[in-house]
Every structure is written in C-alpha cells, then in structure tokens.
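Here is how the chains run, residue by residue.
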Amino acid sequence: MPTSRTIALGVSAASLLLIAGGAQAQWVTFENVTATHLVLQSVSLTDGEEKDIAVADFNRDGRDDVIIVRKRPFSVAGPRTDVLLMQENGMLVERTSQYAPQLLSNPSDARDVIVRDFDGDGWPDIVIANTFFQQPMYYRNRGNDGNGQWLGFVSEGATRFPYTTPVNQPDGPQFCALDAGDVNGDGHLDIFFSNYRPSGGTSDVLFINDGTGHFTNETAARLGNYANVAFGPAGEIRDVDNDGDMDIIKVSTLYNSAPFNAWGTYVLFNNGAGVFNTRPFQNLWGDSPYMFTMADFNNNGVLDMYAVDDGQDAIVRITNPVVDGPLGISQNTLSGSPRTGGFGGNVKVVDIDNDGDLDVGVSPIDVDIANCGTGSRFALLRNDGAGAFTDPWPNSSNQNIHIEAHDFGFLDINNDGCLDIIMGTCTSYVLFRQTNCLIVGDIDGDGMVGFQDLNLLLGSYGQTGPGLPGDLDGDGDVDFADLNRLLNNYGAGN
C-alpha cells in the first residue's frame, strides 16, 4: 500500500480542483431512462390524469419504492385507480395487482399521499387525502409472512378513520393535502388534513392516533376556530419555535376566513398539550400563498420556509424562534429563475448534489387552475449553503427535467448514493437518473470515499487558500467542517 505522502504527491492540487470543484460547477444533470427502467401495467405511459407521488421503502429491502395516486385533473371529480411501483434490479416495476389490489378496485379522488408507520409495527403505511367528498384512505402495510415474504397492503380506512364531515360539508371533505406528526407528545403520529371549499368557509381536520393506528377526530377540541379555512392547499406539522412540541402550519387563501381574515400561511402554536387555539396565530407569508414546505436551509438549527406563491415564490427565514411566537422572520422573494413565477404546485426538499445542504424542487402545475400547456416548467433550485437559492439554468435554458410535472419524488434508482427523480406529468410518467453523481469526500475521483481521500484531506488540514485538496465546502480552508462531510460519506461509492 502506498504511503499517505505518496498519495498526496501523486495528485496535484490543480487536478483535485478539477475533480472536486470543476465537475461540481456543472451541477447535477439527468438522463431520461423511462423507456428502459419504468414498467407500468394498470396505466399507460401516456396517462394524463392528475398525479401525486410519495417515496418509501415499502418492503424494507433497502431500495426506494413509489406510490402514485391519481384523479381527474384540476377541479373536476373523477376517481381513478392508484399505482404501486416497486424497485427491482434498478428498475421501477408496477406491482399494484400483486401487492395492493384494492388500489385498483377502490379508485380514489386523491389530492395527496403520505407514507409513515402509523401503527408502530416498523412497516410504512399509506394514507391518501381525497377530495370531492371522498373519505381519506388508510392502507396498512402487512409486513412479511413467516417465510420472510412481503405481503403488501390492505385497505383499512373504514375501521381506522372516523367518518368525517368538516364544517359546511355534510357530504364529506375536499382534502387537498395532509401531513403527519406527534402533536400531543404521546409518541404516536397524528394527521392534519388541509381542506377547502370553492365558496364559503369550511374547516381543516386533525386526527389523533391512539398508538395502534386508529384515529379520533379531535379538531374542535384542539383547534377551535383556528380550524377554519377558506381554500387550504397545504399544511405541515413542524416545531417552528424550537420548544420541543409540534406546531401546525397551514395555508388559507383565495378569500378570507375568520379568525384569520386574510390570505396567508399561518403558524398555529402548540401550547405543549396538543392544543393550538390558546396562543395567537402568526402569518408567515401573506401575499398569494399556495404550497409551501418548512426546512432548515442554512443549517442553523432553525426552520425556514419555501413559499410557492401565485406570483413570485419566496423564502421566509425564522430569524428568532420565540417560544409560542411571535417568530422573528425575514421575507425575500426569489429572482433569477424563469420557473418560480406564476402558478405553482408541490414543493419538496432534498440534498440533490450531496453537498450537505437542502436544495428545492417545485412542480409547476396547479391543482385547481388548469395550467397544463401554458409553458410552466419544473424548477430545481440550488442551495448555496447559506440558504440562498439560484436556478442553475436561467434565461429559460430548459434541460430535460424542465417539464410540466403535477408532482415528483426523489429516489435512488441505481444505488449510487445520488438521487434520481420520478415525475408525474400532464401527459405521462418520466424517470430521470442522475448522470454526474458526485459523492462529497471523493477527493481523488475514484468513485468512492475511502482511506486515500481521508489522507488527502488530512494533508491539507488547517491550511487556507484556493484549490486545497479537502476543501469540500468551498470556503477556502480545510477544517473540521470538511472532515465531518468526508466522514459522513465514508464508504460511499458509485
């Protein structure tokens, strides 16, 4: 084995800069592998229905699988069958009839879907939020049989969820989104549903989990009139004030609904016991909000918000997480991208380039306004590490990923440590595989992070200057932050 000194001398600083920095400057690129890596059965590749997507390892084999829920596009009722895709040998293969036949026999008017372990058995379950008065659905993951064979999903919504009629909706809800979190601190995942009514107010809904995956509707007791909503396209359960309990963030838009009486993205602060109407609410973004997501974009331990607006999207930073509010915030609209203005849809965050910070994907298709065919395009935005976002392809220079997507999901289709993308578009399904997979810490460019990379970093440890081997975060010096990034990926390869 060569010594560490021999390794360090064998790779020049210039070549290391080219490997670790020059390739990174190109950022991520993708190839369309739909024809060779996506196998459908119950739907065609030219499926034009509205789609929502969630990714999880359903059979716990270490590979990402996909659930796609469908309905007629936009504000039109029309239940459709849903699709289960299992990852097999680097491909996504539809196995709906084999592992979830009730997704075919029980069509959904689905607007959103999440995957969590709600009954505490270690296997991820599926919950579907339906619109046009259809009750939500619960698909229990049956786990393995005695021989270790996965059994798939069974529909149990009728016995696990209470029949729900929100305010002014005697025929049933029009759910648009949902999220899960432990709101009452008992260790079990509860569910918040965002609701809407085209004219006149209604109410969002909060289900409380008894720990076995059976739920009661405790909306009135825990939210009071804070449950009121006009049009609610998005909601999340997050600890926004860093006090250890989970708050609710929700959108109410298109018209005013008391007690909010304005369009906005509202924080409902948890009083510590899972009750949300004993503290004043706070509006984080009140222009023309539609979708949003909360995440720590600048790695300071405090959540921020990406707001999808009917005008220009925005970043809202929580600058001072005051317990139970009001939060100190700063608001900044995005600029420099042709893909973040106008109507938008689902937003998700992930570290797409493996550099230690969260990047953002935004689908362009509105769930209510028929904007397919208007030139709207999917946006993939790069985080600079400080929570500022840029579009690497400005000036309308479209890449193959810039298409009309209802929704999308991030997954690793070929187990190379880099994330790929599946999209449900206005006219199809598309699977993109990342082509220039970059593993942070692979300083010598051999496709894996190992002992040689550690030696190269340690050889520059404590130095400052341009182009140093081991300057993985690009801040001009090699320090503990770089070492930590390498060690986090130690053993990774492609």
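Reading the values: rules and limits
- Residues numbered from 1 in each chain as written.
- Predicted model: local features only at pLDDT ≥ 70, side-chain atom pairs only at ≥ 80, totals over all residues.
- Heavy atoms only, no water.
- Helix = DSSP H or I, 4+ residues; strand = E, 2+ residues; numbered from the N terminus.
- Rg over C-alpha atoms; globule rule 2.2 N^0.38 Å.
- Buried < 20%, exposed > 50% of the residue type's maximum accessible area, 1.4 Å probe, protein only.
- Contact = heavy atoms within 4.5 Å.
- Areas by Shrake-Rupley, 256 points an atom, 1.4 Å probe, with all protein chains shown as cover.
- Polar contact = N/O pair within 3.5 Å; in protein donor to acceptor, adjacent residues only side chain to side chain.
- Salt bridge = Lys/Arg side-chain N within 4 Å of Asp/Glu carboxyl O.
- Disulfide = S-S within 2.5 Å.
- Phe/Tyr/Trp six-rings, centres within 6.5 Å; stacked < 30°, edge-to-face > 60°.
- Lys NZ or Arg CZ within 6 Å of the ring centre and 35° of its normal.
- Arc of directions from axis to C-beta.

Draft legend 1. Spatial organisation of the overall build of the chain. In terms of helices and strands, the chain carries nine helices and 31 strands. Computed over its C-alpha atoms, the radius of gyration of the chain comes to 23 Å, within 12% of the 23 Å expected for a compact globule of 494 residues. Taken over the C-alpha atoms alone, the chain extends approximately 75 × 50 × 45 Å along its principal axes. In the chain, which comprises 494 residues, the share counted as buried stands at 55%. Residue pairs at least 24 apart in sequence account for 55% of intrachain contacts in the chain once pairs closer than 6 positions are excluded. Within the structure as shown, the chain displays about 18300 Å² of accessible surface, and the carbon and sulfur contribution to it stands at 50%.

Draft legend 2. Molecular detail of the side chain of Asn346. Locating Asn346 in the fold gives a position in the loop between strand E24 (328-333) and strand E25 (347-350). Polar side-chain contacts of Asn346 include one of 3.2 Å to the backbone oxygen of His406. In this structure the side chain of Asn346 is engaged in a polar contact, spanning 3.4 Å, whose partner is the side chain of Asp407.

Draft legend 3. Looking closely at the pattern of salt bridges. In the structure shown here, the tally under the stated rule is 18 salt bridges. Between Glu88 and Arg95 there is a salt bridge whose closest N-O contact spans 2.9 Å. When its relative accessible area of 23% is taken as the criterion, Arg95 is described as partly exposed. With a shortest N-O distance of 2.6 Å, Arg160 and Glu156 are connected by a salt bridge. Its relative accessible area of 8% is what places Arg160 among the buried residues. The network of salt bridges with shared partners includes Arg116, Asp179, Glu236 and Arg238.

Draft legend 4. Region of interest: the state of the cysteines. Inspection of every chain in the model, using the stated rule, returns two disulfides. Each sulfur of the disulfide joining Cys372 and Cys426 lies 1.9 Å from the other. Because the sign of the S-S torsion sets the handedness, a value of about -80 degrees for the bond joining Cys372 and Cys426 places this disulfide among the left-handed ones. On the criterion of sequence distance, the pair formed by Cys372 in the loop between strand E26 (359-362) and strand E27 (379-383) and Cys426 in the loop between strand E30 (420-425) and strand E31 (429-434) is long-range, its members being 54 residues apart. Look at Cys426 and you get buried, because its relative accessible area is 10%. Paired by a disulfide, Cys418 and Cys437 hold their sulfur atoms 2.0 Å apart. On the S-S bond that ties Cys418 to Cys437, the torsion sits near 85 degrees, and the link is right-handed. With Cys418 in the loop between strand E29 (405-411) and E30 and Cys437 in the loop between E31 and helix H8 (451-460), the pair connects residues that are 19 residues apart, well separated along the chain. Assigned by exposure class, Cys418 and Cys437 land together as buried.

Draft legend 5. Quick peek at the packing of aromatic side chains. Applying the stated criterion across every chain yields a total of 24 aromatic pairs. Measuring from centroid to centroid gives 4.7 Å for Tyr99 and Trp150, while their planes differ by 40 degrees, and the two rings are tilted. Pair noted here: Tyr99 is in helix H4 (residues 96-99) and Trp150 is in the loop between strand E9 (137-141) and strand E10 (153-155), with a separation of 51 residues, a long-range link. For the pair Phe231 and Tyr290, a centre-to-centre distance of 6.2 Å together with 20 degrees between the ring planes defines the contact as stacked. Of this pair, Phe231 sits in the loop between strand E16 (228-229) and strand E17 (235-238) while Tyr290 sits in strand E21 (residues 289-295), placing them 59 residues apart in sequence. Judged by relative accessible area, Phe231 falls into the buried class, the value being 2%. Through pairs of rings, three or more aromatic residues link up here, namely Phe118, Tyr138, Phe161, Phe175, Phe193, Phe207 and Phe215. A cation sits over an aromatic face here: Arg60 above Trp123, 3.7 Å from the ring centre.

Draft legend 6. Here's a closer look at helix H9 (residues 480-488). Where H9 is concerned, the buried positions are Asp482, Leu483 and Leu486. Buried residues along H9 cover an arc of 100 degrees about the axis, so they all sit on one side. Facing away from the buried side of H9 by more than 90 degrees, the exposed set consists of Phe480 and Asn488. Its buried side turned inward, H9 meets H8. Regarding H9, its N-cap is Asp479, as a side-chain oxygen of that residue lies 3.2 Å from the backbone nitrogen of Ala481 further along.

These results come straight from atomic positions and should not be treated as a statement about function.
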